[in-house]
Amino acid sequence: MNLKVILDEFSKVAQNPKQQLDNYLGAGKKVILVAPVYTPEEIVHSMDLVPMGAWGADMQLQEAKTYFPTFICSIVQSILELGIKGSYKGVSAIIIPSLCDSLKTLGQNWKYAVPDIPFIPMTYPQNRKPDFGIAFTKAGYQRVIDDLEKVTGETFSDEKLIASLAVYNEHNQVMRELAELLAVHGEVSAVQRSDIFKSAYFMRKEEHTLLVKKLIAALKENEPKKGRIRVLTSGILADNPDFLSYLDVYNMQIVADDVAAESRQYQQDAVDGETGLDRLAKKFADMNNCSVLYDAKKERIATIVSKAKATKAQAVIVILTKFCDPEEFDYPLIKKACEEANILSTLIEVDRQMVNYEQARTILETVQTILSKQSPQ
Ligand code: SF4
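Below, the structure is looked at part by part.

The rules behind these values
Residues numbered from 1 in each chain as written. Predicted model: local features only at pLDDT ≥ 70, side-chain atom pairs only at ≥ 80, totals over all residues. Heavy atoms only, no water. Helix = DSSP H or I, 4+ residues; strand = E, 2+ residues; numbered from the N terminus. Rg over C-alpha atoms; globule rule 2.2 N^0.38 Å. Buried < 20%, exposed > 50% of the residue type's maximum accessible area, 1.4 Å probe, protein only. Contact = heavy atoms within 4.5 Å. Near = heavy atom within 4 Å. Nonpolar A, V, L, I, M, F, W, Y, C, P; charged D, E, K, R; others polar. Core = buried A, V, L, I, M, F, W, Y, C linked by side-chain atoms within 4.5 Å. Polar contact = N/O pair within 3.5 Å; in protein donor to acceptor, adjacent residues only side chain to side chain. Phe/Tyr/Trp six-rings, centres within 6.5 Å; stacked < 30°, edge-to-face > 60°. Salt bridge = Lys/Arg side-chain N within 4 Å of Asp/Glu carboxyl O. Pairing = 2+ DSSP bridges. Axes fitted to C-alpha atoms, helices over the stretch in contact; angles between N-to-C directions. Disulfide = S-S within 2.5 Å.

1. Let's talk about the overall build of the protein
Item 1. Secondary structure summary: the protein contains 14 helices and 8 strands in total.
Item 2. Expected size for 377 residues packed as a compact globule is a radius of gyration near 21 Å; at 20 Å, the protein falls within 12% of this value.
Item 3. Seen through its C-alpha atoms, the protein measures out along the principal axes to roughly 60 × 45 × 40 Å.
Item 4. Counting only residues that meet the buried cut, the protein has 57% of its 377 residues in that class.
Item 5. A separation of at least 24 residues holds for 75% of the contacts in the protein among residues at least 6 apart in sequence.

This is the structure:
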């Protein structure tokens, strides 16, 4: 398969999740929506259910405004809007984690706004690393299992969970390998890169792993395109095609990302623990470098700078989802750390209701003008 054909496969899935949902339902599969972030997909997968990512969509919000004040982030609001409008018809349940204040309110509103799709809460502890935190996480997973069994009639087995953890660990590994290759291969556009990551939410992980392996093989045979401006993107979500196309217009290559919907997902494997559920709880405890995970010393900030240095990124572009307080708290620290490391940084605010990215375009044009005077690394 040639590179373009493979990249088109990812784009087809990423740009039409409804078709994927219909395909799985048509094949007799039960589908469970998994809202961001770090929702225990592995449990869903192990029960022979299809986990499907629910990160909302770029759309005008109408019905969701009845339930939310305007200052709640648009990712959360658009998930509810899609639920109310029937876009998720046919799914068996939605799992919503509690990792930020907006997500906490989503679950409560969902119960009333979308009563035909059961809401399953996943309550995470603030202190995830001590033994008591791991035990709390494990109890939360047990609650998810009980609710899934009730709603779907399927049964959970730890043996099957261990098999699913292996599938997810392998997927993590290929995604990490791919991210490294994409730092070299400038011929993959920002839009195509986003589609690769985004499609992972709408495919069973073993299917996605197979396609990523084909992509890795094709990239290794391809002559890398060099000379583009090297940037690191950071944020919760960065999937709007209009915004991403401006990165391409201004000749920018994403050489690394610190995006919650992209590489942050794949940092940690589930390996330590006696049972599958122990391993999954330990995996969450061991996760780091994310604005929604308690990080008293803010070690995430130094990690962004070292990732930028390691990949020779010339700029850090923070894509801030409006009203996302976990990300807003970290931004001044990222800016300061980049200044100290002599790396250009910039902030672009986005939300799912935006139709005009001209302000982002102007910022990126300025970044290009500054950086094009530097010689490529
Ligand atoms: S974008 Fe921010 S506020 Fe919205 S769900 Fe994610 S972490 Fe929460």
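From this point, the discussion proceeds with the structure in view.
2. Let's talk about the site of the ligand
Item 1. Residues in close proximity to the ligand include Cys73, Ile75, Val76, Cys100, Ser102, Leu103, Ile236, Val292 and Cys324, which together make up its full environment.
Item 2. Elements represented by at least two residues in the shell around the ligand include exactly helix H4 (74–84) and helix H5 (101–113).
Item 3. Residue classes in the shell around the ligand are distributed as 8 nonpolar, 1 polar and no charged.

3. Details of the nonpolar core
Item 1. Counting 94 residues, the largest nonpolar core has Tyr38, Trp110 and Leu148 as the members making the most contacts within it.
Item 2. The element contributing the most residues to this core is helix H7 (residues 158–182), with 7 residues.
Item 3. Other than its neighbours up to four places away in sequence, Tyr38 contacts Leu99, Tyr124, Arg264, Gln265, Phe284, Met287, Cys290, Val292 and Leu293.
Item 4. Residues Ala190, Ile348, Met354 and Leu371 belong to the second largest nonpolar core, which totals 23 residues.

4. Regarding the side chain of Asp269
Item 1. Mapped onto the secondary structure, Asp269 falls in the loop between strand E6 (252–259) and helix H11 (276–286).
Item 2. Since its relative accessible area comes to 18%, Asp269 is described here as buried.
Item 3. Of the polar contacts made by the side chain of Asp269, one reaches the side chain of Arg176; its length is 3.0 Å.

5. Describing the packing of aromatic side chains
Item 1. Scanning the entire structure with this criterion turns up 6 aromatic pairs.
Item 2. Note on Tyr88 and Trp110: the rings are 6.4 Å apart at their centroids and 35 degrees apart in plane angle, and the pair reads as tilted. Highlighted residues: Tyr88 in the loop between H4 and strand E3 (93–97) and Trp110 in helix H5, separated in sequence by 22 residues.
Item 3. Plain terms: the ring middles of Phe197 and Tyr266 are 6.4 Å apart, the flat faces sit at 35 degrees to each other, and that makes the pair tilted. One end of the pair, Phe197, is in helix H8 (residues 190–199); the other, Tyr266, is in the loop between E6 and H11, and 69 residues separate them in sequence.
Item 4. Under the relative-accessibility criterion, Phe197 is labelled buried at 1%.
Item 5. One aromatic cluster is present, formed by Tyr124, Tyr141 and Phe284 through successive ring pairs.

6. Here's the deal with the pattern of salt bridges
Item 1. On inspection of all chains with the given rule, the structure shows 32 salt bridges.
Item 2. Residue Lys4 is joined to Asp8 by a salt bridge in which the shortest nitrogen-to-oxygen separation is 2.7 Å. Within this pair, Lys4 and its partner Asp8 are both found in helix H1 (residues 3–14), separated by 4 residues, close to a single helical turn.
Item 3. Under the relative-accessibility criterion, Asp8 is labelled partly exposed at 36%.

7. Notes on the sheet that holds E6
Item 1. Strand order across the open sheet formed by 4 strands is E6-E5-E7-E8, with parallel pairing between neighbours. The open sheet has two edge strands, E6 and strand E8 (344–350), and neither has a second partner. Strand-to-strand twist in this sheet, taken as the mean axis angle between neighbours without regard to direction, amounts to 25 degrees.
Item 2. Pairing geometry for strand E5 (residues 229–235) and E6, over 7 bridges, is parallel.

8. Some thoughts on the state of the cysteines
Disulfide: a covalent bond connecting the sulfur atoms of a pair of cysteines.
Item 1. Under the counting rule described, the total for this entry stands at 0 disulfides.
Item 2. In this model Cys290 remains outside any disulfide bridge; the closest cysteine sulfur is found in Cys324, 9.1 Å from its own.
Item 3. For Cys290, a relative accessible area of 2% gives the class buried.

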